[in-house]
Amino acid sequence: MVLADLGRKITSALKSLNNATIINEEVLNDLLKEIVTALLESDVNIRLVKQLRENVHKTIDFDEMAGGLNKRRMIQTTVFKELVKLVDPGTKPYVPVKGRPNVIMFVGLQGSGKTTTCTKLAYYYMRKGWKTCLVCADTFRAGAFDQVKQNCTKARIPFYGSYTEVDPVVIAMDGVDQFKKEGFEIIIIDTSGRHKQEDSLFEEMLQITNVCKPDNIIFVMDASIGQACESQAKAFKERVDVGSVIVTKLDGHAKGGGALSAVAATRSPIIFIGTGEHIDNLEEFKTKPFISKLLGMGDIEGLIER
Amino acid sequence: MFSMFRGLVGGKTLTESDVTPVLDKLKDHLIGKNVASDIAGKLTQSVGDQLKGKVIGTFEGVTSTVRKTLTNSLVKLLTPGRRLDILRDVMEAKNTGRPYTMAFCGVNGVGKSTNLAKITFWLIENNLRVMIAACDTFRAGAVEQLRTHTHHLNALHPPEKHHGNAMVHLFEQGYGKDAAGIARHAIDFARKNNFDVVLIDTAGRMQDNEPLMRALAKLIMVNEPDLTLFVGEALVGNEAVDQLVKFNRALADHSTSAKPQKIDGILLTKFDTIDDKVGAAISMTYITGQPIVFIGTGQTYTDLRRLDAEAVVNALMS
Ligand SMILES: Nc1nc2c(ncn2[C@@H]2O[C@H](COP(=O)(O)OP(=O)(O)OP(=O)(O)O)[C@@H](O)[C@H]2O)c(=O)[nH]1
Ligand SMILES: Nc1nc2c(ncn2[C@@H]2O[C@H](COP(=O)(O)OP(=O)(O)OP(=O)(O)O)[C@@H](O)[C@H]2O)c(=O)[nH]1
Ligand SMILES: [Mg+2]
Ligand SMILES: [Mg+2]
């Protein structure tokens with residue numbers, strides 16, 4: 001899973017502190033080097049990585065510290081707090097409310113997995129007994145409506161879309177209106193892939209949000225993304241109110257560190273991860289338990305007092 | 001007279017401690033530009049090896065010498081030894097009475113089908129007839145996606161303008177069928193109906209997914225495409241390395257042929273989404289030694305370019 005591998009490397013690096021007889025600047029530098037390498041290999045944004053290294057250096061002042069154990073704990077705690085910052089934006093995700101319409105809009109780069117994940121999420125809520133549906137507001141990508149239609153038909157999810165209407169804003173508005181009238185609780189809007197360099201696409205996204213007033217906007221990221229993620233995520237957040245992140249394609253080899261910069265840039269938590277092409281390949285992601293699991297991997301549990 | 005000055009302006013021998021700090025900075029710089037970290041390390045190290053013990057003029061700074069050396073190696077890396085001339089190869093195949101075949105493979109969502117459509121457009125603009133083989137029989141809407149492109153492309157080049165011949169034909173057998181078999185039928189059909197090129201679309205797959213990689217290897221082995229293109233997106237980070245290594249390995253390992261086909265070239269998509277973070281181009285060529293045949297620069301049919309090595313290296317070093 002995401003970061004699990006990364007977590008393992010980092011915990012083992014942290015544990016190696018316990019074997020060092022003296023804790024000095026050199027030991028700290030070696031440790032940081034190991035951690036920085038692991039983070040960069042996992043595609044974590046280089047600016048965030050450098051920041052982490054600086055923050056640790058700032059906090060750990062060897063001249064002011066006394067006592068070996070203390071130093072060890074200080075270093076471990078500081079590194080861990082910095083790592084937690086990467087995954088935990090400190091904000092709570094939107095929680096849908098039963099008995100009223102919850103409009104959830106998907107946005108993201110081309111091919112990141114929006115359409116697939118829309119169906120997965122609809123299926124997830126449907127199985128939990130919510131009245132769920134999907135609106136296909138992608139009129140650009142060839143075969144987009146067929147993709148939604150086939151996915152939804154197979155899973156028996158009600159859907160709305162059009163082969164003839166070319167304006168995604170109109171479709172989104174009509175679809176959401178209709179489903180609201182019919183008393184649907186989870187209304188998911190799929191949109192076209194877009195990127196910050198093409199302003200008309202961002203403008204279109206804004207217009208859709210203006211007419212549909214989504215309760216939550218989910219930014220979908222591919223786990224294999226590298227250093228370009230941060231500026232894209234930031235641009236999405238600047239234009240619309242992204243509230244959650246979903247990282248897809250974590251069934252592969254990718255560690256998902258690049259997608260993490262979406263958490264920092266949008267100040268939004270990861271709520272689900274995609275782990276395959278099938279409709280049930282969606283796992284809930286909860287930041288806090290994830291972190292404690294990461295902590296649990298070493299014997300440094302309890303390092304972070306809450 | 002001049003010898004008096006030699007000591008002053010004469011050379012300085014570069015040592016490891018001169019170049020290492022510069023290289024460390026450059027390595028981070030490359031990583032920031034989205035070169036896979038492992039490859040950024042190898043590239044800077046080889047620059048270090050080239051420079052150690054070299055004498056430079058006093059007025060030549062260490063930093064600029066290192067940068068120049070790295071720039072040169074990057075340009076060299078991106079400049080293919082042999083230039084692939086697809087149009088010529090198509091004509092050659094045509095002369096022997098068979099269609100030229102090209103397969104598109106890669107992980108999910110990178111742009112295989114869209115860029116296949118762009119290449120179709122380029123080919124029909126060159127007056128070649130194209131058969132598209134719909135061998136993604138898995139992903140919902142995959143066949144309809146290609147059908148939509150086929151309609152659009154035929155509308156751009158209507159049969160009336162081409163002696164009544166449809167320039168693009170979609171060969172499909174729906175979903176759930178064996179991809180290798182569909183490709184084979186498509187090629188047969190193309191040969192019988194005088195198509196010049198067959199473009200084989202395949203389903204996206206993760207490089208670790210063994211059954212799917214095996215199926216791809218079979219498709220390639222059975223159909224022996226003239227060109228197997230790996231489609232990768234410029235957005236990808238460190239995974240670029242693992243993807244290419246494993247796609248290549250799968251084609252070799254799962255083939256029963258004595259001389260298995262590997263990836264012949266790379267199509268790098270979504271180049272318009274990365275600003276100056278062009279490092280994936282470096283990672284991918286470094287790993288395969290294969291040329292980047294095309295880059296995708298947008299979502300319309302004309303958004304297909306050749307890679308400009310100098311421009312990419314400028315973006316990298318800026
Ligand atoms: N292996 C794997 N593949 C996935 C996952 N999520 C999506 N995909 C695949 O990724 C590809 C792209 O997915 P789509 O849902 O079409 O992506 P999209 O963001 O809607 O694409 P556009 O609408 O063109 O921007 C498809 O082949 C999906 O099957 C995942 O978690 N794992
Ligand atoms: N901005 C940009 N988008 C691109 C480019 N090439 C493809 N895309 C978009 O990327 C998305 C995915 O493209 P597809 O062609 O469906 O990708 P694929 O690899 O066939 O996907 P699967 O078959 O599901 O694995 C679509 O929204 C395309 O429009 C490009 O060069 N630039
Ligand atoms: Mg989509
Ligand atoms: Mg495709």
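These numbers were taken from a predicted model, which means no experiment stands behind them.

Definitions and limits used
- Here the residue numbers are simple positions, counted from 1 along each chain's written sequence.
- By the order in which they are written, chains take letters starting at A while ligands take numbers starting at 1.
- In keeping with the model being predicted, local features are shown solely for residues with a pLDDT of at least 70 and side-chain atom pairs are shown and tallied solely at 80 or more, while totals for entire chains, interfaces and linings include all residues.
- As a rule here, side-chain values cover all heavy atoms of the structure and leave hydrogens and water aside.
- Centres within 6.5 Å are what make two rings of Phe, Tyr or Trp a pair, Trp counting through its six-membered ring; a difference in plane orientation under 30 degrees is then read as stacked, over 60 as edge-to-face, and the rest as tilted.
- Put simply, DSSP marks the helices as runs of H or I at least four residues long and the strands as runs of E at least two long, and each gets a number from the N terminus on.
- Buried means the residue's accessible area, taken with a 1.4 Å probe over protein chains only, is under 20% of the maximum for its type, while exposed means over 50%, and partly exposed covers the values in between.
- Any Lys NZ or Arg CZ that is within 6 Å of a ring centre and within 35 degrees of that ring's normal is treated as a charge sitting over the ring.
- Following DSSP output, two strands are said to pair if at least two bridges run between them.
- Note on contacts: a residue pair qualifies if any of its non-hydrogen atoms lie within 4.5 Å across the two residues.
- Fitted lines through C-alpha atoms serve as axes, helices being fitted only where they are in contact, and the angles separating the N-to-C directions of these axes extend from 0 to 180 degrees.
- Near residues are defined by distance, with any heavy atom within 4 Å of the molecule or strand qualifying the residue.
- Pairs of N or O atoms are called polar contacts if they sit within 3.5 Å, as long as, within protein, a hydrogen donor faces a hydrogen acceptor (for residues adjacent in sequence, only side-chain-to-side-chain pairs).
- Under the scheme applied here, ten amino acids are nonpolar (Ala, Val, Leu, Ile, Met, Phe, Trp, Tyr, Cys and Pro), four are charged (Asp, Glu, Lys and Arg), and all others, including Gly, are polar.
- The predictor's confidence in any single residue is recorded as pLDDT, a number from 0 to 100.
- Only protein atoms enter the 1 Å grid used here. Points where a 1.4 Å probe fits but cannot escape make up a cavity, open sets with protein on both sides within 12 Å along at least five of seven lines make up a pocket, and a residue lines them when an atom lies within 4 Å of a point.
- Grid points are joined across faces, edges and corners, and a volume is the space filled by probe spheres set on the points.
- A quick way to say it: buried area is the sum, across both parts, of accessible area lost when two parts are put together, with a 1.4 Å probe.
- Salt bridges are defined by distance alone: a side-chain nitrogen of Lys or Arg within 4 Å of a carboxyl oxygen of Asp or Glu.

## So, the packing of aromatic side chains
Under the definition given, this model contains 13 aromatic pairs over all chains. Considering the side-chain rings of B:Phe171 and B:Phe189, the 5.7 Å spacing of their centres and the 55° angle between planes classify their relative orientation as tilted. Separated by 18 residues along the polypeptide, B:Phe171 in strand β5 (residues 168–171) and B:Phe189 in helix α8 (residues 179–192) bring together distant segments of the chain. Take B:Phe171: its relative accessible area is 11%, and that puts it in the buried class. The exposure class assigned to B:Phe189 is partly exposed, which follows from its relative accessible area of 32%. An aromatic cluster of three or more residues is present, and its members are A:Tyr124, A:Tyr125, A:Trp130 and A:Phe272. Here A:Lys131 stacks its cationic end above the ring of A:Phe184, 4.4 Å away from the centre of that ring. In this structure, B:Arg129 packs its charged tip against the face of B:Phe195, placed 4.1 Å from the ring centre.

## Notes on the sheet that holds strand β7 (residues 270–274) of chain A
Residues and elements named next belong to chain A. If you trace the 8 strands from one edge of the open sheet to the other, you get β3-β2-β4-β1-β5-β6-β7-β8, paired in mixed fashion. For this open sheet the edge positions go to β3 (159–160) and β8 (282–284), each flanked by a neighbour on one side alone. In terms of strand pairing, strand β1 (residues 102–108) meets strand β5 (residues 216–222) through 5 bridges, oriented parallel. In the sheet register, Met105 faces β5, and the bridge partner there is Ile217. Sheet strands in contact with helix α7 (residues 168–181) are β1, β2 (132–137), β3 and β4 (186–191), and its direction is about 165° off that of β2.

## A word on the site of ligand 2
Neighbouring residues of ligand 2: 24 residues in total, closest B:Lys112, B:Ser113, B:Thr114, B:Asp272 and B:Gln299. Positioned at a junction of chains, ligand 2 has nearby residues supplied by chains A and B. Within the side chain of B:Arg139, a nitrogen or oxygen atom sits 2.8 Å from an oxygen atom of ligand 2. B:Gln299 places a polar side-chain atom, nitrogen or oxygen, 2.5 Å from an oxygen atom of ligand 2. Ranked by residue count, the leading element in the shell around ligand 2 is helix α6 (residues 112–125) of chain B, at 5 residues. When grouped by side-chain class, the residues that make up the shell around ligand 2 number 1 nonpolar, 16 polar and 7 charged.

## Concerning the confidence of the model for chain B
Detailed reading of predicted coordinates is not advised where the pLDDT is low. Residue and element names in this part refer to chain B. Per-residue pLDDT for chain B has a mean of 94; in total, 97% of the residues score no lower than 70. Counting interchain partners and residues more than four positions distant, the pLDDT-below-50 stretch residues 1–9 has 5 contacts. Here the predicted complex carries an ipTM of 0.95, next to a pTM of 0.95.

## Some remarks on the site of ligand 1
Lining the immediate surroundings of ligand 1 are 23 residues, of which A:Lys114, A:Thr115, A:Thr116, A:Arg141 and A:Glu277 lie closest. Each of chains A and B places residues next to ligand 1. Take A:Gly111: an N or O atom from its main chain is 2.9 Å from an oxygen atom of ligand 1. Here an oxygen atom of ligand 1 and a backbone polar atom of A:Lys249 are 3.0 Å apart. The element contributing the most residues to the shell around ligand 1 is helix α5 (residues 114–127) of chain A, with 4 residues. Taken together, the residues of the shell around ligand 1 sort by class into 2 nonpolar, 13 polar and 8 charged.

## As for the layout of surface pockets
Looking at the second largest pocket, its volume works out to about 760 Å³. Looking at the second largest pocket, it is lined by 26 residues, and the ones nearest its centre are A:Lys33, B:Leu23, B:Asp24, B:Lys27 and B:Asp28. For the lining of the second largest pocket, the elements supplying multiple residues, two or more each, are α2 (25–41) and α3 (46–59) of chain A together with α2 (16–32) and α3 (37–51) of chain B. A per-element tally of the lining of the second largest pocket places α2(B) first, with 9 residues.

## A closer look at the interface of chain B and chain A
Listed per partner, the contact involves 36 residues of chain B and 38 residues of chain A. Summed over both sides, the interface between chain B and chain A buries roughly 3,100 Å², with carbon and sulfur atoms accounting for 53% of that surface. Considering only the side of chain B, the residues that lose the most area to chain A are B:Met206, B:Leu235 and B:Gln299, jointly responsible for 18% of the buried surface there. Between the two partners, chain B and chain A, sit 1 salt bridge. A salt bridge links B:Asp275 to A:Lys196; its shortest N-O distance comes to 2.4 Å. On inspection of chain B and its partner chain A, the count reaches 20 residue pairs in polar contact (both at pLDDT 80 or more). Only α2, α7 (142–156) and α10 (239–253) of chain B provide two or more residues apiece to the side of chain B that touches chain A. Along the lines of polarity and charge, the residues of the side of chain B that touches chain A split into 8 nonpolar, 16 polar and 12 charged.

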